[in-house]
Structure formats: C-alpha cells, structure tokens
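# Coordinates in review
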2 protein chains.
Amino acid sequence: MPGQIKDHQRAGDSVRGATTHLAGRADQAAVRRTNLALVLRALRGGPRTRPQLAVDTRLTKATVSSLVAELAERGLARTHQATSQGVVGRPGQRVELVGERVLALGLELNVDYLAAVGLDLGGVQRATVRTSFDVAGRGIDEVVDRAGTVLREVARKALASDQTVLAGVGVAAPGLVDVGRGVVRVAPNLHWNDVPLRDLISTRLARTFAFAGHHLEPAAVAVDNEANLATFAEFSAGSDADDRDLVYLTGGVGVGGGIVVDGRVVRGSAGFAGEVGHLAIDPEGEVCGCGRRGCWETLCGLGALLHLAGAPDDPIHDHERDLDERLDLLRDRARAGDKRTLRAFDQIGRALGFGASMLINLANPRLLVLGGYFARLGEFLLPAVEAELAARVVAPELGGARVELSRLGLWAAATGAAYAALQPLLDDPTRVPATSAATVPASSVSRVTKTPRKETG
Amino acid sequence: MPGQIKDHQRAGDSVRGATTHLAGRADQAAVRRTNLALVLRALRGGPRTRPQLAVDTRLTKATVSSLVAELAERGLARTHQATSQGVVGRPGQRVELVGERVLALGLELNVDYLAAVGLDLGGVQRATVRTSFDVAGRGIDEVVDRAGTVLREVARKALASDQTVLAGVGVAAPGLVDVGRGVVRVAPNLHWNDVPLRDLISTRLARTFAFAGHHLEPAAVAVDNEANLATFAEFSAGSDADDRDLVYLTGGVGVGGGIVVDGRVVRGSAGFAGEVGHLAIDPEGEVCGCGRRGCWETLCGLGALLHLAGAPDDPIHDHERDLDERLDLLRDRARAGDKRTLRAFDQIGRALGFGASMLINLANPRLLVLGGYFARLGEFLLPAVEAELAARVVAPELGGARVELSRLGLWAAATGAAYAALQPLLDDPTRVPATSAATVPASSVSRVTKTPRKETG
C-alpha cells in the first residue's frame with residue numbers, strides 16, 4: 001500500500017533554512033513551500049481529511065485547504081469522497097497523494113551488474129532493469145555509458161504519462177562516497193579512487209533524457225554508499241511509521257548493513273559507520289578477506305555457509321551456477337531433512353544472532369531486517385537467530401525489537417537510491433509544475449508492479 | 001573556556017513548533033523567541049561580532065542587533081571592544097555570553113551516593129556537592145528528602161547573585177527512565193520500580209527553594225538515565241564543535257557508556273540503547289552479574305582488573321578502603337615497574353580496545369572518550385587500547401577518531417543532568433526576565449571553579 005510509506009523526516013526538518021530566512025525577511029514564498037511540503041509528507045502517510053491534515057501539520061484548516069488545492073493543481077493530490085465503511089458520522093472528503101505524478105530513478109553499480117528501479121512518489125516500484133556487466137573490469141567511461149542506457153530503459157518503462165515529472169536520479173556505489181561532492185573516494189572491489197561519479201552521470205544523462213514529451217528537469221543526481229542506501233530503503237519501505245530505529249543486515253560474500261537512529265541512517269563522522277561485517281567476533285577465528293581474524297562475516301558470510309553445508313566437490317560450490325540456484329539446492333535439502341544442511345543453517349543462524357545481539361544491545365531498534373541470503377534462507381535461519389537473540393539481548397523481550405526478512409531482495413540499494421532522489425522534491429513540492437489540465441491523464445506505463453489508482457477528476 | 005561549549009542542537013531544531021505555528025498564524029512572538037535562541041546558541045560557541053552572528057544565524061544584521069540588545073537586557077549577553085591582538089583591520093565590538101546569569105543544577109542518584117553540580121549557561125561548573133548515602137537501602141521519601149537538601153546546598157554555593165535565574169534541575173538515575181513522564185521504570189541496583197521521581201523531586205524542591213532574593217522559577221525537573229546524561233555531558237563539554245559523533249565508555253564495576261550520533265544521544269526505540277557492558281565478547285568466558293557468559297564487563301570491568309592485578313589477600317581487594325586509594329596503589333606499582341600490575345593493565349587495555357573497536361566500526365565517531373577508572377588509569381591503559389584499535393578498526397586511521405580521557409571524572413552524570421536542565425532555556429531565552437539594572441552585579445558566588453568574567457557595563 002503506497003500510502004503507508006513513512007515520512008523520512010519529521011515535520012520541520014525541511015524547514016530550517018526557510019524559517020531562519022523567513023524570520024529575517026518574511027519570505028512568504030518560503031513559508032508556502034514549507035507548508036506544501038508538510039502537507040505532502042502528511043499525505044504520504046495515507047489518505048486523510050482536511051481536518052486530519054490540519055491536526056497533523058498544526059496548520060489552520062483554511063491554510064490546509066489552500067495548500068491541498070495547490071497540490072491538486074500540481075497533480076500531486078486529489079480529493080475523493082470517502083465511502084462510509086462502517087464509520088460513524090457522515091463520510092468526509094479525503095485527500096490522497098497522486099504518486100504517479102512523480103518518478104525517481106535509482107541505480108546500483110556493483111561489481112558485476114547494474115540494477116535500476118523506477119519508484120513513484122507513493123513508493124510504488126514502477127519498473128526494474130537489471131543487467132550483468134563487468135563494472136570492475138571496464139573503464140569508467142564505459143560504465144557510465146552503460147549506466148545511462150540502463151537508466152534510460154527504466155525511465156521509459158516507468159514513466160506513467162507525459163505529465164510525469166522526473167524528481168531525480170540516485171546512484172548507489174559499493175565504496176566510500178563523499179556525498180556532498182558526489183565523488184566515490186575508494187571502491188576497492190571496483191578498483192576506483194576519487195571517481196566524480198555524480199558529474200559523470202549528470203553529463204551522460206543530459207544526453208540520455210533529451211527525448212521529447214516529458215517534463216524532465218535537469219536530473220538531480222545523488223551518489224551514496226550502497227549499504228547506506230539499502231538501509232534507507234528498508235527504513236522507507238517499512239510499513240509502520242513508529243519504526244524509526246532499525247538495524248539492517250544483509251548476507252552475501254560479506255556481511256553488510258546499517259543502522260537507522262530516529263529516522264536517519266547513521267553515517268559517522270567520516271562516512272565509515274555501519275561497518276558490521278568486520279566486527280571482531282572471534283579473535284582466534286578464520287582469516288578474513290580484510291586480513292584480520294574472526295570477523296563476523298567469516299562466521300556467517302556466504303563462504304562460511306557453503307563451507308559448512310557441503311564438501312568441496314558439492315555442486316553448491318560450483319561458481320558456474322547461479323547463486324540463487326545453489327541456495328535453492330540447500331533449501332531443498334533442508335526441507336528433505338538433510339542433517340548437514342540443517343546443522344549448517346543452525347550454526348550460521350547462531351553466528352548471525354550472536355552478532356545481531358550486539359547491534360540490538362547498542363541501538364535498541366524496533367526492527368531488525370535481514371536481507372540478502374539471510375532473507376532467502378530466512379525460514380531456516382530464524383529459529384537459531386531468535387534463540388541467540390533471546391539469550392544475548394539484555395533488554396526484556398529484545399527491547400521491543402521485531403525480526404523481519406527483507407522483501408526488497410536484490411533491489412534494496414537501487415530502491416534506496418530512488419528514495420534518496422525523491423527527497424529534494426519532498427522538501428519543495430513547487431519543483432513540480434502545474435499540470436496542463438488539473439487532472440492526471442490515464443497511465444501509459446508499460447510495466448508497473450502495482451496498478452495505479454483510478455482517476456477521480 | 002566556557003565560550004567553547006558546543007551547540008547541542010543545530011540551529012533550527014528548536015524552531016519546529018514555532019515555525020509551523022508561525023506559518024499558520026504569523027505568531028511574531030514565536031519568531032522572536034526562535035531568533036533569540038539562535039543568537040544565544042551561536043554565542044555559546046564563543047564571542048563574536050554582530051556581522052559574524054548574522055552569518056552564523058542567517059539573520060539580517062539589523063535583526064541581530066535588535067536580538068543582541070534584548071539578550072543584553074535579559075542579562076544574557078554583553079558587548080565589549082575587542083582588543084586588536086594582531087588582527088588586521090580595526091577592532092570591532094564583540095558580543096559575548098554572560099554565563100553567570102543562568103544556573104542549572106544536576107543531581108546524580110546512585111547506589112551509595114548523591115552528587116550534585118551547579119553549572120552556568122557558559123558550561124562553567126560553579127559548585128559541587130557529594131555525599132555518601134545509602135540510596136539503595138533507604139525508602140524513597142528519605143532519598144528524595146536528602147536529594148532536596150543536596151540540591152539546596154549546591155544552589156546556595158553556586159548562585160552567583162540575586163539576579164541569577166535557575167534554569168532547572170536535571171536528575172540522573174541508574175536505571176531505565178521514562179523521560180517523558182519522569183518515571184524511573186526499573187532501577188535494579190536501587191530496587192526501584194515505577195518511581196515517579198520527577199514529581200517527587202519537584203514537590204520537594206517547591207519547599208527547598210522557597211528562600212527569598214532569587215529569581216527562582218518553579219524549577220523544571222527532568223529525569224534521565226545516568227549513562228545517557230554522562231554521555232551528553234562528555235559531548236557538551238567537548239572542545240571541538242565538529243565532534244558531533246562520540247562514543248563514551250566508563251569503567252566501574254560494570255562498563256557503561258553511550259553513543260552520540262550527530263549531536264544526539266542514541267536512546268533507541270524503548271530507551272535501552274547503549275547497553276555496552278553486556279556485549280557478548282567471549283561466549284566461553286566468565287559468568288557475568290547478568291547471568292550470561294563473557295560479557296564485555298567481565299573482561300575489563302573493575303572486578304577483572306582487581307582479579308588480574310592482585311592475589312585475594314592483596315589490599316587492592318579491601319572494600320574498606322576507598323576505591324581511589326586502591327587505584328592509586330596500582331598506579332604506584334605500575335610506575336615502579338611491577339610486572340603483574342603492568343600485565344594486568346595490558347590485558348585490561350586490550351579487552352577495552354577490542355570492544356571499543358566494535359563501537360568505532362559501527363558508529364565511526366570523531367571521539368572515543370574513556371571515563372571512570374579507564375580515565376584514572378588512562379596513561380597505563382592507552383597503549384594497549386590504541387594497539388588494539390589500530391589492529392581492529394577497518395577504516396584507515398581509526399576513521400578519524402581520537403581517543404581522549406574524560407576530565408569530568410565522577411561528575412559526568414550530574415554534569416549531564418545540569419546540561420539537560422539548561423535546554424528549555426536555550427530554546428526560549430525569554431524565560432529569563434530583564435535584569436533590574438541592565439548590568440549583572442558583581443558575583444557573590446561562594447565557590448566557583450572558574451573566575452567569572454569582569455563586568456563591562
């Protein structure tokens with residue numbers, strides 16, 4: 001349900017600049033923008049009546065009505081008569097977000113693939129594109145060129161109509177990113193140093209998106225670390241507005257993840273925060289790829305699982321096979337009761353739970369989300385994870401934390417990049433021009449993962 | 001230098017309510033309060049000229065001048081001619097904070113003592129009181145009564161003049177606190193459950209502070225967890241405004257601490273965050289007081305140190321002696337080159353560094369502050385701590401983190417409580433009435449740890 005998307009910032013976070021400015025110079029346009037943003041963010045929590053919006057935003061009803069009218073002109077909201085489904089009193093008019101008016105694109109550059117997502121303002125994934133590509137082995141120019149092609153493809157698939165506004169493009173990279181300058185400082189697995197990715201992609205996109213018929217603003221490109229963006233996606237796509245504290249852990253060759261504190265991804269003073277895979281769990285343990293011993297990922301990364309689950313000649317070690325296929329093999333064995341597989345899952349689950357207990361003790365999240373292969377094999381890992389958490393977490397009942405499996409799968413980083421690209425527009429809805437008619441035309445989207453809502457106007 | 005106190009909130013954090021309100025209703029008084037708060041917070045960063053303040057606050061120079069005049073009327077700021085110490089250009093008038101106009105009190109309730117601090121607006125500790133008291137063994141009423149006595153004593157010592165305004169009282173408790181309601185939910189070491197400490201102390205203080213001659217508003221009492229408040233104090237007292245990410249670790253019988261992310265103490269969804277002492281470092285290790293095995297505090301808490309450093313009949317185990325005295329004994333032995341002591345310090349330092357590396361990998365702080373006995377024996381522990389960090393932290397050069405020893409010592413929690421009590425006034429400087437003359441009278445403080453600045457007016 002797109003209406004359940006959480007507000008990424010508290011009301012007011014977006015108004016700092018505006019307020020100060022305003023207070024000094026009484027800039028009414030800034031106040032208006034601020035208030036439009038407040039109402040738009042409130043609508044992302046789901047349809048509501050004007051009086052409800054007034055309460056949510058602490059604005060007067062008259063102001064809310066005027067703001068809703070402006071959002072409707074810009075094609076971002078519409079009003080419909082609520083049916084009275086068992087509700088006492090007369091049905092009121094409810095205002096709802098028009099998600100399809102705005103599209104954001106998210107791209108993940110990884111070692112051997114590119115993945116792109118088109119996400120609308122309501123958080124609905126409208127198109128996806130994924131392509132194998134030797135990012136680590138090609139020159140930067142070639143990578144950027146292919147990125148442009150992939151983004152163009154996902155945009156074509158996702159654009160709902162010629163009234164759709166492109167909010168921006170987010171890019172997730174597997175390395176340390178200077179977010180302010182959009183530069184990938186170090187990406188060891190790509191052999192990249194100081195690559196000005198934002199500028200390269202912007203230049204490429206200026207060309208890519210020069211096709212007619214869409215309100216395509218010069219696309220704002222934002223670059224960030226893929227683990228941060230995946231964490232942001234898991235937070236943003238969560239269904240409960242109260243889940244403002246979250247720990248995300250994803251299993252692959254390494255173990256990655258991130259921490260959300262009160263709605264913000266923890267980045268640390270130099271952008272190095274959330275380095276979960278190399279927590280020193282077992283100082284006497286196996287040597288890790290990083291050269292240290294007993295890092296957490298040596299205990300529950302993919303290598304540990306495959307080592308525990310099968311002899312060297314077992315087909316699960318066959319790199320020619322797709323990873324998903326090999327994991328399916330393990331799942332089938334577990335379902336058939338294979339002892340070695342079940343023991344391996346139990347051991348991996350315990351190691352995962354052991355480390356996760358530390359994160360819960362430190363961050364006291366409401367939600368622990370497991371992604372990557374942890375999610376794919378979740379049904380088998382969860383019992384051991386939960387037993388370990390119950391034994392290791394100090395706070396009663398895990399301090400209120402729930403454990404959930406990610407549903408974003410391989411799309412987490414690209415989806416997070418798209419969510420990040422939506423932010424500037426959420427801060428300033430006047431970036432979206434008025435529609436030519438005051439209605440949004442029927443969707444012409446070529447692939448949607450969710451049916452757009454019916455038009456009312 | 002009191003002027004180096006950091007801004008606890010970013011400009012704008014305090015204006016959320018005001019903005020929304022304002023935007024709907026154009027409440028000029030709210031704007032004024034907001035802007036006064038902006039200027040006051042800027043002045044806590046040190047003296048500056050009006051043009052500098054205009055840049056810091058993004059207000060116009062005219063507005064800044066008017067706000068500075070109002071702060072001066074309220075006795076919170078004064079202007080003085082800057083001497084030109086090698087500065088090019090003509091010396092300008094600089095505005096500085098008048099710290100002694102406002103006093104906040106902080107109280108720590110712990111198992112066997114009460115400690116109180118009087119802190120002025122500039123962060124200068126103006127008085128301290130500490131008394132042994134069997135908090136755990138006495139009834140709540142008796143504890144509250146003694147707390148009132150201690151607070152009255154520290155207030156008498158710290159009040160600079162009859163123009164001093166009492167901003168509020170903060171209380172640090174060793175347990176899980178419902179901060180909103182001011183209730184200590186569980187304090188195992190005090191055997192407390194659901195104690196409405198805020199209301200009890202408020203009621204007691206209404207009586208305590210009924211002595212004449214001071215502008216003593218009904219003291220706003222705030223209760224919070226002692227580790228959170230100690231962490232907040234270490235953050236607030238830090239000298240560098242860029243240190244917005246910090247990890248604090250304090251050694252005692254247990255190991256406590258907290259994490260500051262972007263200027264805010266991480267509390268978690270239910271207030272359980274920062275539970276560092278029970279990180280599961282060694283699952284095969286010693287049994288901890290919590291019943292689990294190998295918790296971090298079994299490896300570097302005071303018990304581990306004393307066990308490693310001396311045989312059972314060694315006087316360092318003599319509970320009749322003051323702890324400081326016993327630690328001094330160990331320090332003297334280490335200085336004399338005693339092998340067992342040095343080995344113990346090395347082992348404790350390694351265990352401390354091992355766990356601390358995890359916190360640095362997760363939070364990427366700018367500063368790791370060691371408090372409690374870690375600070376007292378810091379000179380001996382640091383080499384091993386730093387060696388372990390260098391080996392275990394993934395980010396190059398510790399991700400930019402420095403390691404420092406706390407200078408707040410036993411006063412960290414009470415100081416943090418006082419800092420917390422200053423916050424409402426920092427959000428709304430109009431809580432401070434205009435002075436009867438437009439100057440602050442000479443200090444009549446009976447004990448100050450820093451000499452108040454000379455009056456200019």
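Conventions and cut-offs
- Residues numbered from 1 in each chain as written.
- Chains lettered and ligands numbered in written order.
- Predicted model: local features only at pLDDT ≥ 70, side-chain atom pairs only at ≥ 80, totals over all residues.
- Heavy atoms only, no water.
- Helix = DSSP H or I, 4+ residues; strand = E, 2+ residues; numbered from the N terminus.
- Buried < 20%, exposed > 50% of the residue type's maximum accessible area, 1.4 Å probe, protein only.
- Polar contact = N/O pair within 3.5 Å; in protein donor to acceptor, adjacent residues only side chain to side chain.
- Pairing = 2+ DSSP bridges.
- Contact = heavy atoms within 4.5 Å.
- Axes fitted to C-alpha atoms, helices over the stretch in contact; angles between N-to-C directions.
- pLDDT = per-residue confidence, 0-100.
- Core = buried A, V, L, I, M, F, W, Y, C linked by side-chain atoms within 4.5 Å.
- Expected span 1.5 Å × (residues − 1).
- Parallel < 35°, antiparallel > 145°, perpendicular 65-115°, else oblique.
- Left-handed = near helix turned anticlockwise from the far one by under 90°.
- Nonpolar A, V, L, I, M, F, W, Y, C, P; charged D, E, K, R; others polar.
- Arc of directions from axis to C-beta.
- Salt bridge = Lys/Arg side-chain N within 4 Å of Asp/Glu carboxyl O.
- Phe/Tyr/Trp six-rings, centres within 6.5 Å; stacked < 30°, edge-to-face > 60°.
- Lys NZ or Arg CZ within 6 Å of the ring centre and 35° of its normal.

Residues and elements named next belong to chain A. Secondary-structure assignment places Asp-224 in strand E11 (residues 221–225). Overall, the relative accessible area of 7% leaves Asp-224 in the buried class. Here Arg-267 takes part through its side chain, which lies 2.4 Å from a polar atom of the side chain of Asp-224.

This part takes up the sheet that holds strand E2 (residues 77–81) of chain B. Residue and element names in this part refer to chain B. The strand order across the open sheet formed by three strands is E1-E3-E2, and the pairing between neighbours is antiparallel. Looking along the sheet, the strands with just one partner apiece sit at the ends: strand E1 (48–49) and E2. Packed on one face of the sheet, helix H2 (residues 28–43) meets E1, E2 and strand E3 (93–97) and runs near 95 degrees to E3.

All names here are of chain A. Per-residue confidence for chain A gives a mean pLDDT of 84; residues scoring 70 or more make up 84%. Predicted confidence in chain A is weakest over helix H1 (residues 16–25), with a mean pLDDT of 39, and strongest over helix H11 (residues 339–363), with 97. Here the complex is predicted with pTM 0.82, and the ipTM for its interfaces comes to 0.81.

As a further point, take the nonpolar core. In terms of nonpolar packing, the biggest core is built from 102 residues, with Leu-249 and Trp-296 of chain A together with Leu-249 and Trp-296 of chain B touching the most fellow members. In this view, Leu-249 of chain B contacts Gly-256, Gly-257, Val-276, Trp-296, Leu-352, Ala-356, Leu-359, Leu-368, Val-369, Leu-370, Gly-371 and Phe-374 of chain B; residues no more than four positions away in its chain are not counted.

Before going further, it helps to examine the environment of Thr-63 of chain A. Residues and elements named next belong to chain A. Take Thr-63: it is sitting in helix H4 (residues 61–73). Take Thr-63: its relative accessible area is 18%, and that puts it in the buried class. Each C-alpha atom, one on Thr-63 and one on Ala-434, is 19 Å from the other, the two residues being 371 residues apart in sequence.

Given a rise of 1.5 Å per residue, 19 residues ought to cover 27 Å, and the 27 Å separating the end C-alpha atoms of helix H5 (residues 140–158) of chain B matches this to within 8%. When we look at burial in H5 of chain B, the residues that qualify are Val-143, Val-144, Ala-147, Gly-148, Val-150, Leu-151, Val-154, Ala-155 and Ala-158 of chain B.

For the rest of this paragraph, the subject is the sheet that holds strand E8 (residues 176–178) of chain A. Residues and elements named next belong to chain A. Strands sit in the order E8-E9-E10 across an open sheet of three strands; the sheet is antiparallel. Two strands bound the open sheet, and with one partner strand each, they are E8 and strand E10 (192–195). Here the strands of the sheet are splayed against their neighbours by 15 degrees on average, with no regard to which way each runs. As paired elements, E8 and strand E9 (residues 183–187) share three bridges and run antiparallel to each other. Within E9, the position partnered with Asp-178 by the bridge is Val-183.

Bringing the packing of helix H9 (residues 302–309) of chain B against helix H10 (residues 323–335) of chain B into the picture now. Residue and element names in this part refer to chain B. The contact between H9 and H10 brings their axes to 12 Å, and the two run at 45 degrees. If you check the angle between H9 and H10, you find them oblique. Where H9 crosses over H10, the two elements pack in a sense that is left-handed. Packed against H9, whose contacting residues are Leu-302, Leu-305, Leu-306 and Ala-309, the element H10 presents Leu-323, Arg-326, Leu-327, Leu-330 and Arg-333 at the interface. Grouping the constituent residues of the contact of H9 with H10 by class yields seven nonpolar, no polar and two charged.

Looking at the element boundaries, Thr-415 of chain B is found in helix H14 (residues 412–427). Apart from the residues within four sequence positions on either side, Thr-415 of chain B is in contact with Val-117, Leu-119, Gln-125, Ala-233 and Leu-408 of chain B.

Turning our attention to helix H3 (residues 50–57) of chain B. All names here are of chain B. Among the residues of H3, those classed as buried are Leu-53, Ala-54 and Thr-57. Axial view of H3: buried residues confined to an arc of 105 degrees, hence all on one face. The first or second residue beyond H3 is Arg-58, which carries a positive phi of 60 degrees.

All names here are of chain B. According to the stated counting rule, one finds 50 salt bridges over all chains in the structure shown. Measuring nitrogen to oxygen at the nearest pair gives 3.0 Å for the salt bridge that ties Asp-328 to Arg-376. In this pair, Asp-328 sits in helix H10 while Arg-376 sits in helix H12 (residues 373–376), placing the two residues 48 residues apart along the sequence. Owing to a relative accessible area of 23%, Asp-328 belongs among the partly exposed residues under this scheme. Between Arg-335 and Glu-379 there is a salt bridge whose closest N-O contact spans 2.7 Å.

Time to look at the packing of aromatic side chains. Evaluated as defined, the whole model comprises six aromatic pairs over all chains. Positioned over the ring face of Tyr-113 of chain A is Arg-130 of chain A, at 4.1 Å from the centre of the ring.

Our focus in this paragraph is unusual backbone geometry. Residues and elements named next belong to chain A. One non-glycine residue, Asp-194, lies in positive phi territory at about 45 degrees. One can find Asp-194 in strand E10. Positive phi values are uncommon outside glycine, yet Leu-398 reaches one of about 55 degrees. Within the secondary structure layout, Leu-398 lies in the loop between helix H13 (378–392) and strand E16 (402–405). Under the relative-accessibility criterion, Leu-398 is labelled buried at 17%.

What follows is about the pairing of E3 of chain B. Two faces, one strand: in a regular strand the side chains alternate between the faces of the sheet. Residues and elements named next belong to chain B. Pairing between E1 and E3: two bridges, direction antiparallel. What sits directly across from Thr-49, in E3, is Arg-94. As judged from the five bridges shared by E2 and E3, these two strands associate in the antiparallel manner. Counted as the bridge partner of Ala-77 is Leu-97 from E3.

This next bit is on the environment of Tyr-373 of chain B. Residue and element names in this part refer to chain B. Tracing the chain through its elements places Tyr-373 in helix H12. The spacing of Tyr-373 and Gly-416 is 43 residues in sequence and 18 Å in space, taken between C-alpha atoms. Among all residues touching Tyr-373, those that are not within four sequence positions of it are Gly-251, Gly-252, Cys-300, Gly-301, Leu-302, Leu-305, Leu-327, Ile-348 and Leu-381. Only 2.8 Å separates the side chain of Tyr-373 from the backbone oxygen of Cys-300, close enough to count as a polar contact.

What follows deals with the environment of Leu-381 of chain B. Residues and elements named next belong to chain B. Take Leu-381: it is sitting in helix H13 (residues 378–392). When its relative accessible area of 1% is taken as the criterion, Leu-381 is described as buried. Each C-alpha atom of the pair Leu-381 and Ile-348 lies 7.2 Å from the other, and the pair is 33 residues apart in sequence. Leu-381 has contacts with Phe-345, Ile-348, Gly-349, Tyr-373 and Phe-374, leaving out every residue within four places of it along the chain.

For the rest of this paragraph, the subject is the pairing of strand E7 (residues 165–173) of chain B. All names here are of chain B. With respect to burial, E7 is a largely interior element, nine of its nine residues being buried. Pairing of strand E4 (residues 102–109) with E7 involves seven bridges; the strand directions are parallel. Residue pairing for E7: Ala-104 is matched across the bridge by Gly-168. Note that E7 and strand E11 (residues 221–225) share five bridges and pair parallel. Bridging across to E11, Val-169 finds its partner in Val-221.

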